[in-house]
Amino acid sequence: NENGVGYDRSFGPEEHVDSAVEFAGLFGPVRWRRVETPLSGYVDLSRLVAGGTDICGYALVWIECTERIEAVIRFGSDDSGRIRLNGVWIHGVDVERIGFPDEDFVPVRLNAGRNEVLVKVCNYRGGWGFYFRMTDSSGNEIPQIRFTVDSK
């Protein structure tokens, strides 16, 4: 994210979404890894990725639905953040900010079956990470969905 250009630039994880693939990074190979989300819901990328200044990172999850569902993604990012659902960018904030839960509300329609979500976060300096949760329009859990990181 040098000079803030990473938000609009496409990197390997955007071009080929496969949790088994390794990508060439600026300082060596980069790969997906499984991360347990803490109870706070904050994925602290500064604890997971070395060299957190002027950098971009990704998170990948699949959502399995028993039926077609209207939902709301509640998202917060430190700094810039984008969300892609089933191959289409549906939300983005290209700003320098501190992440808080539920900063952004993104209404979505999930297909019955498997839905792919890719999150991109770009950092300028200091700590970085994101909050992500999915609810119904009233903020309640949705029992018909299940999150998985298994690519198949």
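Residue positions are given per chain, counting from 1 as you read along its sequence in written order. Where totals are concerned, whole chains, interfaces and linings use all residues; where local detail is concerned, this predicted model gives features only for residues with pLDDT of at least 70, and gives and counts side-chain atom pairs only at 80 or more. To obtain the side-chain values, all non-hydrogen atoms of the structure were included, while hydrogens and water were left out.

Things to note about the pairing of strand 2 (residues 28-31)
Working note: regular strand, side chains alternate between the two faces of the sheet.
Phase 1 of the analysis: A pair of strands is considered paired only if DSSP assigns at least 2 bridges between the two. Only DSSP runs of H or I covering at least 4 residues are called helices, and only runs of E covering at least 2 are called strands; the numbering of each starts at the N terminus. Note that strand 1 (residues 22-25) and strand 2 share 4 bridges and pair antiparallel. Residue pairing for strand 2: Glu 22 is matched across the bridge by Arg 31.
Phase 2 of the analysis: With antiparallel pairing between neighbouring strands as the criterion, strand 1 and strand 2 make up a hairpin whose turn holds 2 residues.

A look at the environment of Val 149
Phase 1 of the analysis: Within the secondary structure layout, Val 149 lies in the segment after strand 11 (145-148).
Phase 2 of the analysis: For Val 149 and Arg 33, which are 116 residues apart along the polypeptide, the C-alpha to C-alpha distance reads 9.6 Å.
Phase 3 of the analysis: Two residues form a contact once any of their heavy atoms are found within 4.5 Å. Leave out the neighbours within four places in its chain, and Val 149 touches Ser 19, Arg 34, Leu 60, Val 61 and Trp 62.

Considering the packing of aromatic side chains
Phase 1 of the analysis: Centre distance within 6.5 Å is the pairing criterion for rings of Phe, Tyr and Trp, where only the six-membered ring of Trp is used; planes under 30 degrees apart are then read as stacked, over 60 as edge-to-face, and the remainder as tilted. With the rule as written, the count across this model stands at 2 aromatic pairs.
Phase 2 of the analysis: Centroid distance Phe 75 to Phe 130: 6.4 Å. Interplanar angle 35°. Geometry classified as tilted. With a gap of 55 residues between them, Phe 75 in strand 5 (residues 69-78) and Phe 130 in strand 10 (residues 129-135) connect regions that are remote in the sequence.
Phase 3 of the analysis: Burial status follows relative accessibility: with a 1.4 Å probe on protein chains alone, a residue under 20% of its type maximum counts as buried, one over 50% as exposed, and anything between as partly exposed. Its relative accessible area of 0% is what places Phe 75 among the buried residues.
Phase 4 of the analysis: Overall, the relative accessible area of 6% leaves Phe 130 in the buried class.
Phase 5 of the analysis: Geometry around Trp 89 places Arg 84 over its ring, the cationic atom sitting 5.4 Å from the centre. Either the NZ atom of lysine or the CZ atom of arginine qualifies as a charge over a ring when it sits within 6 Å of the ring centre and within 35 degrees of the ring normal.

A word on the pairing of strand 4 (residues 55-65)
Phase 1 of the analysis: Within strand 4, 9 of the 11 residues are buried, leaving the element largely enclosed by the surrounding structure.
Phase 2 of the analysis: Two elements, strand 4 and strand 9 (residues 113-123), share 11 bridges in a ladder whose sense is antiparallel. The residue bridging Cys 56 from the neighbouring strand is Cys 122, located in strand 9.
Phase 3 of the analysis: Across 4 bridges, strand 4 lies against strand 11 in antiparallel orientation.

Considering unusual backbone geometry
Phase 1 of the analysis: Between Asp 78 and the following residue, Asp 79, the backbone shows a cis peptide bond with an omega angle of 10°.
Phase 2 of the analysis: For Asp 102, which is not a glycine, the phi torsion comes out positive at approximately 60°.
Phase 3 of the analysis: Relative to the helices and strands, Asp 102 is located in the loop between strand 7 (88-93) and strand 8 (104-110).

Topic: the sheet that holds strand 5
Phase 1 of the analysis: Pairing is antiparallel in the open sheet, where 4 strands are placed in the order 3-10-5-8. The outermost strands of the open sheet, each flanked by one partner alone, are strand 3 (42-44) and strand 8. Ignoring strand direction, the axes of neighbouring strands in this sheet form an average angle of 25°.
Phase 2 of the analysis: Note: strand 5 against strand 10, 7 bridges, orientation antiparallel. Paired with Val 72 across the bridge in strand 10 is Thr 135. Axes here refer to lines fitted to C-alpha atoms; in helices the fit is confined to the stretch in contact. Angles between the N-to-C directions go from 0 to 180 degrees.

So, the sheet that holds strand 7
Phase 1 of the analysis: Ordered by their spatial adjacency, 5 strands build an open sheet running 7-6-9-4-11, and the pairing between neighbours is antiparallel. Both outer strands of the open sheet, strand 7 and strand 11, are each paired with one neighbouring strand and no more. In this sheet, adjacent strand axes meet at a mean angle of 25° when their direction is disregarded.

A few points about the pattern of salt bridges
Phase 1 of the analysis: The term salt bridge refers to a pairing of a side-chain nitrogen on Lys or Arg with a carboxyl oxygen on Asp or Glu at a separation within 4 Å. Scanning the model with the defined rule gives 10 salt bridges in all.
Phase 2 of the analysis: Between Glu 70 and Arg 109 there is a salt bridge, and its shortest N-O distance comes to 2.6 Å. Taken together, the residues Glu 70 in strand 5 and Arg 109 in strand 8 connect sequence positions 39 residues apart.
Phase 3 of the analysis: Residue Arg 97 is joined to Asp 104 by a salt bridge in which the shortest nitrogen-to-oxygen separation is 2.7 Å.
Phase 4 of the analysis: Several salt bridges share partner residues, and in doing so they unite Glu 64, Arg 114 and Arg 146 into one network.

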